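These are the residues of each chain, in order.
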Amino acid sequence: MIRIAQLSCGTEYSGVQCEIEKAAHSVGAKVVYPDISTDDINDAVERFGLNPRSSQLKLMIARAVQLADGLYDADSVFIATCFRCAEAALVRNELRRFIQENTRLPVVTYSFTERLKAAQLLTRMEALVTTVERKEILARTKQTGLTAGIDSGSTTTKAVVMRDNTIIGKCWSTTGDVIQSATEVLNEALKQAGVNINEIESIGTTGYGRFTLGKHFGAKLVQEELTVNSKGAVWLADRQKGEATIIDIGGMDNKAITVRDGIPDNFTMGGVCAGASGRFLEMTAKRLKINIKDLGAYAVRGEWKNARMNSYCSVFGIQDLVTTLGEGKSFEDVAAAACHSVAEQVYEQQLQEIDVRHPIIHVGGTSLNIGLVKAIGEVLGEHPVVPKDSQFIGAVGGALLSSGFL
């Protein structure tokens, strides 16, 4: 059983500890806690050079030192603190960096809220287990045979067909009924590839509908999107060797993943609100009465400083949008401000939880928005790499990794 070392503060008081353990158990893992003494805590805090007021944060530090010194056996690390506490956020980030510098354990960091459910943690726990159990598959750099990948996302469903490390068919469509949407895009990808479903040797599914589709299509790989998307991203960007950071701004949540030689070692996802996701851009386009595909072109022609939007919440963000339009700001400036707002929030929420490595690879459907790509570059001071077919990362990753089961 995979042992996930938990370093946390406040989970018992917030009532989420049982949900954390339930999520780990559902993926065949066990949450464990490094054993420490009072002397260990005092020594660790002094060594770490950070002396927080909270006794639970001190306990987190001591347990991290046990892991770094190899005094406790674990396969991965889950670091969690309440999102309301600034001191905890500082400790959480420094501990993540400390563990990465002193171990090779994969790490997930998470800022939790009260009333958290196991389902919200499932993807993170599944990613930790995958990184440990399937490291050989994740290390694959080439797809072999004839395989297909299906990514059932919150807003779009994508499918690709690959043969011997080449994409020979691809299709995407908006997500409606999960099975119907997947069947339609897969059939179109198969038509482009000139093959039929019976010839496919292996299928991989990912995304929100991965379990439903995995059962329906008899998939050999049913995997969360953190590891699958990162694999598809580095393959598409031809960056499977060395280090990279992947930014995936989705329809409902965002992901920031660091990889080393194609294998993820730190990932974070989610955010305070959908105001930092592609959903907010869709809401902006709808309010401007323009096609979402045209929003990026509007944004490139605008100046975000003329119509600032600084809200973390999508509802308040739309209020900002309405206010700026009422002030007579141009559609171009409003579109630019919306893109810049999403970029800023990704930087402030996701990218504070990882050590950004270069190059930065921007993927997912929002990477097709040239206004958002420009905004990401402005905020980070570095223009991100946007590979061809960047919106198909999940489907590509599914097709690539599923070939490891042939």
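This is a predicted model, so every value here is computed, not measured.

The number of helices and strands found in the protein chain is 16 helices and 13 strands. For the protein chain, the spread of C-alpha atoms along the principal axes amounts to about 65 × 60 × 35 Å. Look at the contacts in the protein chain between residues 6 or more apart in sequence, and 71% of them connect residues 24 or more apart. Treating the 43 positive side-chain charges of the protein chain as one cloud and the 47 negative ones as another, the clouds have centres 4 Å apart.

If you walk across this open sheet you meet the five strands as β7-β6-β5-β8-β9, and the pairing is mixed. What marks the edges here is a single partner per strand, and that holds for β7 (166-174) and β9 (221-222). Here six bridges tie strand β5 (residues 146-152) to strand β8 (residues 202-207), and the two strands are oriented parallel to one another. Considered in β8, the bridge of D151 is made with T206. Relative to β7, helix α8 (residues 178-193) is tilted by about 145°, and along the sheet it contacts β5, β6 (156-163) and β7.

A word on the side chain of T130. With respect to the helices, strands and loops of the structure, T130 is situated in helix α6 (residues 118-133). The class of T130 is buried, set by a relative accessible area of 5%. If we skip the residues at most four places from it in the chain, T130 touches K135, L138, Q223, E224 and T227.

This next bit is on the pairing of strand β11 (residues 254-260). Across the seven residues that make up β11, a large majority, six, are buried. In terms of strand pairing, strand β10 (residues 243-249) meets β11 through seven bridges, oriented antiparallel. Within β11, the residue paired with D248 across the bridge is K255. Linking β10 to β11, which pair antiparallel, is a turn of four residues. Where β11 and strand β12 (residues 263-269) come together, six bridges link them in antiparallel fashion. By the bridge assignment for β12, R260 is matched with I263. Linking two consecutive strands that pair antiparallel, namely β11 and β12, is a turn of two residues; a positive phi of about 55° is found at D261 within it.

In this section: the nonpolar core. Grouped together as the largest cluster of nonpolar side chains are 45 residues, with contacts concentrated most on I4, F78, M125 and I246. The element contributing the most residues to this core is α6, with seven residues. Residue contacts for I246: discarding those within four places in its chain leaves S230, A233, V234, K255, A256, I257, V259, I361 and V363. L288, I318, V334 and A343 belong to the second-largest nonpolar core, a separate cluster that totals 31 residues.

A few words on the pairing of strand β3 (residues 76-82). With seven of its seven residues buried, β3 lies for the most part within the structure. The alternating pattern of β3 places S76, F78, A80 and C82 on one face and V77, I79 and T81 on the opposite face, and all of these are buried. Direction of pairing for strand β1 (residues 2-9) relative to β3: parallel, over a ladder of six bridges. Note that in β3 the partner of Q6 across the bridge is F78. In terms of strand pairing, β3 meets strand β4 (residues 107-112) through six bridges, oriented parallel.

Let us look at the pattern of salt bridges. Counted according to the given criterion, the structure contains 16 salt bridges. The residue E243 makes a salt bridge to R260 at a minimum N-O spacing of 3.2 Å. One end of the pair, E243, is in strand β10; the other, R260, is in strand β11, and 17 residues separate them in sequence. Of the residues examined, E243 reaches a relative accessible area of 36% and is grouped as partly exposed. Between D265 and R260 there is a salt bridge, and its shortest N-O distance comes to 2.9 Å.

The N-to-C vectors of helix α14 (residues 331-349) and helix α15 (residues 370-380) enclose an angle of 45°; their axes lie 8 Å apart at closest approach. The angle between α14 and α15 falls in the class oblique. Where α14 crosses over α15, the two elements pack in a sense that is right-handed. The residues of α15 that touch α14, namely those facing C339, H340, V342, A343, E344 and Y347, are G371, L372, A375, I376, E378, V379 and L380. For the contact of α14 with α15, the class distribution of residues is nine nonpolar, two polar and two charged.

Calculation notes
Residues numbered from 1 in each chain as written. Predicted model: local features only at pLDDT ≥ 70, side-chain atom pairs only at ≥ 80, totals over all residues. Heavy atoms only, no water. Helix = DSSP H or I, 4+ residues; strand = E, 2+ residues; numbered from the N terminus. Contact = heavy atoms within 4.5 Å. Lys, Arg positive; Asp, Glu negative; His and termini not counted. Charge placed at Lys NZ, Arg CZ, Asp CG, Glu CD. Pairing = 2+ DSSP bridges. Axes fitted to C-alpha atoms, helices over the stretch in contact; angles between N-to-C directions. Buried < 20%, exposed > 50% of the residue type's maximum accessible area, 1.4 Å probe, protein only. Core = buried A, V, L, I, M, F, W, Y, C linked by side-chain atoms within 4.5 Å. Salt bridge = Lys/Arg side-chain N within 4 Å of Asp/Glu carboxyl O. Parallel < 35°, antiparallel > 145°, perpendicular 65-115°, else oblique. Left-handed = near helix turned anticlockwise from the far one by under 90°. Nonpolar A, V, L, I, M, F, W, Y, C, P; charged D, E, K, R; others polar.

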